[in-house]
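# Analysis of the macromolecular model
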Amino acid sequence: MKVLALDTSTLTSTCAVISNGEVIGEYSLNQDMSHSERLVPMIENILNELKIDISEIDLYGVSTGPGSFTGLRIGAATIKGFAHVFDKPVVGVSTIKGLAYNLPFNKIVVPILDARRDRVYTGIYSWVDDEIETILEPDVMNIEILMDKLEEYENIVMNGNGISVYGDRIKDRFGNRVNFAKLGQNQCRAVSIAQLALQSFDKGKVDDYYTLAPEYLRVSQAERELKKGE
């Protein structure tokens, strides 16, 4: 089975193709370009390099957030379009769970994405018998509240772009109880989204490409500004 997956939840655009349990292609770009400019050319390039026609893809996966409102909409619309045209199954995957999947076999995994104003998008996960289990569902919260929740845990590993913003505060509080991921594990990766999408598909859990929608967890800035003016 060939799986094409995307993650456009942050500034990084990433797409990957896995086939029969192997990663056969993965592209990631973190440049000063919009997702709308680079995403479709990236998909075209990776499929051309792999000599795979888009119609040969059996399953589509996409990160559903939280993250960039515009990025999530572009990624979801692109994948839903492909799935609709070729009538193939699609699975939406939490961005936070996808990040946690980058850190296999760690006891407690806590991804953090910067949500600004001292807030992070986060969740708490644990690996049990080679399966990732959710302890705290993806949510947005103040960094201090998250740290309060983490007091009961030992041997915590964290990743995500929130580390560059809040890492010093976290280390000051937890010291050696917390470790931060290395560079290759710290960004959203489409290959993790692809693997999680395939796992869901194998369990009979798929989404409707008509109704699949991003999970923002908070209203957009544009909506907040609109409410202020009412």
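## Quick look at the packing of aromatic side chains
Counted under the stated rule, the structure contains five aromatic pairs. Ring geometry for Tyr101 against Trp127: centres 5.4 Å apart, planes inclined by 45°, an arrangement best described as tilted. Of this pair, Tyr101 sits in helix H3 (residues 95-101) while Trp127 is found in strand E7 (residues 119-128), placing the two residues 26 residues apart along the sequence. Taken individually, Tyr101 and Trp127 each receive the classification buried, so the pair is uniform in this respect. We classify Trp127 as buried; its relative accessible area is 13%. Ring pairing ties together the aromatic residues Tyr101, Phe105 and Trp127, which thus form one cluster. Geometry around Phe180 places Lys171 over its ring, the cationic atom sitting 5.7 Å from the centre.

## Concerning the pattern of salt bridges
Across all of its chains, the model carries eight salt bridges by this definition. Close ionic contact of Arg189 with Glu26 constitutes a salt bridge, the shortest N to O distance being 2.5 Å. Here Glu26 lies in strand E3 (residues 22-29) and Arg189 lies in the loop between strand E10 (178-180) and helix H6 (190-202), a separation of 163 residues in the sequence.

## Quick word on the packing of helix H4 (residues 143-150) against helix H5 (residues 162-174)
Each pair of packed helices gets described by two things: the angle between the helix axes and the distance between those axes. H5 packs onto H4 with a crossing angle of 35° between their chain directions and a minimal axis gap of 11 Å. Read as a crossing pair, H4 and H5 show a hand that is right-handed. Residues Ile143, Glu144, Met147, Asp148 and Leu150 of H4 lie in contact with H5, whose contacting residues are Tyr166, Arg169, Ile170, Arg173 and Phe174. Broken down by class, the residue content of the contact of H4 with H5 amounts to six nonpolar, no polar and four charged.

Rules used throughout
- Residues numbered from 1 in each chain as written.
- Predicted model: local features only at pLDDT ≥ 70, side-chain atom pairs only at ≥ 80, totals over all residues.
- Heavy atoms only, no water.
- Phe/Tyr/Trp six-rings, centres within 6.5 Å; stacked < 30°, edge-to-face > 60°.
- Helix = DSSP H or I, 4+ residues; strand = E, 2+ residues; numbered from the N terminus.
- Buried < 20%, exposed > 50% of the residue type's maximum accessible area, 1.4 Å probe, protein only.
- Lys NZ or Arg CZ within 6 Å of the ring centre and 35° of its normal.
- Salt bridge = Lys/Arg side-chain N within 4 Å of Asp/Glu carboxyl O.
- Axes fitted to C-alpha atoms, helices over the stretch in contact; angles between N-to-C directions.
- Left-handed = near helix turned anticlockwise from the far one by under 90°.
- Contact = heavy atoms within 4.5 Å.
- Nonpolar A, V, L, I, M, F, W, Y, C, P; charged D, E, K, R; others polar.

Keep in mind these numbers describe shape, not what the thing actually does.
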